[in-house]
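Understanding the architecture of this molecule
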Amino acid sequence: MTQDELKKAAALAALEYVEEGTIVGVGTGSTVNHFIDGLAGMRDRIVGAVSSSEASSRRLAGHGIPVIELNDVESIPVYVDGADEIDAALCMIKGGGGALTREKIVAAVASRFICICDASKQVDVLGTFPLPVEVIPMARAHVARELTRLGGRPVPRAGFVTDNGNLILDVHGLRITSPTNLETAINQIAGVVTNGLFALRGADLLLVAQPDRVLRLSAA
């Protein structure tokens, strides 16, 4: 199977966790695109979806799935999203597509967070994938200095602006042995909107596609 076929297998496996008559939380990225395409087949059995990005909203709308504002929603039973890296505790690095802030907000509202990916995203220690940090534009240089003090090498994402009008610093060179502590420390830097560590609110279930099956893993 190709990597894209593995992504599709993980995404379609997540459909069985979607509850009929409810609102579904939908993430962002190439794996989630397969989930959205699969969700189209049951659009008449759900109320709609809360989306974490403008790109996902457009794809949902293209399939005729109602896109609902998060402020109009009291609860989301299930949120489905991918990861750039995920460890055995189901802590993740996310934000390669730049939607980390909205992803983190939707995940916070959801009762259950299901991560979908292929095995290439599983790691023993987070940090090989550069950690995205969303920053207010006027604070870019200040935040970069503070991230350097934390041991990282921040690089501005060239030509990229988030859906919220902010910038992304991709932090290289980290070996993240305590994801919750680092997530908290970075979020305390003035000018940081949020960072791509999903450790304080990690995944509840990981669906990881292998050539012969989709494994279902809970946090170690």
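I will try to describe carefully the structure that is included in this document. Predicted model only: the values in this text are computed from it and were never measured.

The rules behind the values
Residues numbered from 1 in each chain as written. Predicted model: local features only at pLDDT ≥ 70, side-chain atom pairs only at ≥ 80, totals over all residues. Heavy atoms only, no water. Helix = DSSP H or I, 4+ residues; strand = E, 2+ residues; numbered from the N terminus. Rg over C-alpha atoms; globule rule 2.2 N^0.38 Å. Buried < 20%, exposed > 50% of the residue type's maximum accessible area, 1.4 Å probe, protein only. Contact = heavy atoms within 4.5 Å. Areas by Shrake-Rupley, 256 points an atom, 1.4 Å probe, with all protein chains shown as cover. Lys, Arg positive; Asp, Glu negative; His and termini not counted. Charge placed at Lys NZ, Arg CZ, Asp CG, Glu CD. Core = buried A, V, L, I, M, F, W, Y, C linked by side-chain atoms within 4.5 Å. Disulfide = S-S within 2.5 Å. Pairing = 2+ DSSP bridges. Polar contact = N/O pair within 3.5 Å; in protein donor to acceptor, adjacent residues only side chain to side chain. Right-handed = clockwise from strand over helix to strand, strands pointing away. Axes fitted to C-alpha atoms, helices over the stretch in contact; angles between N-to-C directions. Parallel < 35°, antiparallel > 145°, perpendicular 65-115°, else oblique. Left-handed = near helix turned anticlockwise from the far one by under 90°. Nonpolar A, V, L, I, M, F, W, Y, C, P; charged D, E, K, R; others polar. Phe/Tyr/Trp six-rings, centres within 6.5 Å; stacked < 30°, edge-to-face > 60°. Lys NZ or Arg CZ within 6 Å of the ring centre and 35° of its normal.

Some thoughts on the overall build of the protein chain
Within the protein chain, the secondary structure is distributed over six helices and 13 strands. Relative to the globule expectation of 17 Å for 220 residues, the C-alpha radius of gyration of the protein chain, 17 Å, shows essentially globular dimensions. Its C-alpha atoms give the protein chain principal-axis dimensions of roughly 50 × 35 × 30 Å. Burial status across the protein chain gives 53% buried among its 220 residues. Contacts in the protein chain between residues far apart in sequence, at least 24 positions, make up 72% of those at least 6 positions apart. For the protein chain, the accessible surface area stands at approximately 9,800 Å², while carbon and sulfur atoms represent 50% of it. The positive charge centre, built from 20 side chains, and the negative charge centre, built from 25, are 5 Å apart in the protein chain.

Re the nonpolar core
A general trend in soluble globular proteins is that nonpolar side chains are found buried together. Val-26, Phe-35, Leu-39, Ile-114, Ile-116 and Leu-207 are the most contacted members of the largest nonpolar core, which totals 26 residues. For this core, the secondary structure elements donating two or more residues are α1 (3–13), β1 (23–26), α2 (30–39), β3 (76–81), β6 (110–118) and β12 (205–210).

Some words on the state of the cysteines
Across all of its chains, the model carries zero disulfides by this definition. Cys-115 takes part in no disulfide bond, and the closest cysteine sulfur, belonging to Cys-117, lies 4.8 Å away.

Thoughts on the pairing of β12
Most of β12 sits out of view: five of its six residues are buried. Note that β12 and strand β13 (residues 213–217) share five bridges and pair antiparallel. When the bridges of β13 are listed, Gln-210 appears paired with Arg-213.

Details of the side chain of Arg-157
Note that Arg-157 resides in the loop between β8 (153–156) and β9 (167–172). With relative accessibility at 18%, the residue Arg-157 sits in the buried group. Separated by 3.1 Å, the side chain of Arg-157 and the backbone oxygen of Gly-96 make a polar contact. Discounting residues that sit within four places of it in the chain, Arg-157 has contacts with Gly-95, Gly-96, Gly-97, Gly-98, Pro-132, Ile-168 and Asp-170.

Here's the deal with the pairing of β1
In the case of a regular strand, side chains alternate between the two sheet surfaces. Alternating residues of β1 divide into Ile-23 and Gly-25 and Val-24 and Val-26, and every residue in both groups is buried. Relative to strand β2 (residues 48–51), β1 runs parallel, the two sharing four bridges. Bridging across to β2, Gly-25 finds its partner in Val-50. Remark: the β1/α2/β2 crossover connection has right-handed handedness. Pairing of β1 with β3 involves three bridges; the strand directions are parallel. Counterpart to Val-24 in the pairing with β3 is Val-78.

Structural notes on the packing of α2 against helix α3 (residues 54–62)
Contact geometry of α2 with α3 gives a least axis separation of 9 Å together with a crossing angle of 25 degrees. Between α2 and α3, the interaxial angle falls into the category roughly parallel. Here α2 and α3 pass one another in a crossing that is right-handed. Contact residues: α2 offers Asn-33, Ile-36, Asp-37 and Leu-39, while α3 offers Ser-56, Arg-59 and Leu-60. Its residues assigned to classes, the contact of α2 with α3 comprises three nonpolar, two polar and two charged.

What to know about the packing of aromatic side chains
On inspection of all chains with the given rule, the structure shows two aromatic pairs. On the basis of an interplanar angle of 50 degrees and a centroid distance of 5.0 Å, the ring pair of Tyr-79 and Phe-113 is categorised as tilted. Of this pair, Tyr-79 sits in strand β3 while Phe-113 is found in strand β6, placing the two residues 34 residues apart along the sequence. For the ring pair Phe-113 and Phe-198, a centre distance of 6.5 Å and an interplane angle of 70 degrees mean the geometry is edge-to-face. Linking Phe-113 in strand β6 with Phe-198 in strand β11 (residues 197–198), this pair joins segments that are 85 residues apart in sequence. An aromatic cluster is built from Tyr-79, Phe-113 and Phe-198, whose rings are joined through pairwise contacts. Above the face of the Phe-198 ring, Lys-104 is positioned so that its terminal group lies 5.0 Å from the ring centre. Its guanidinium or amino end placed over the ring of Phe-160, Arg-157 lies 5.2 Å from that ring's centre, counting from NZ or CZ.

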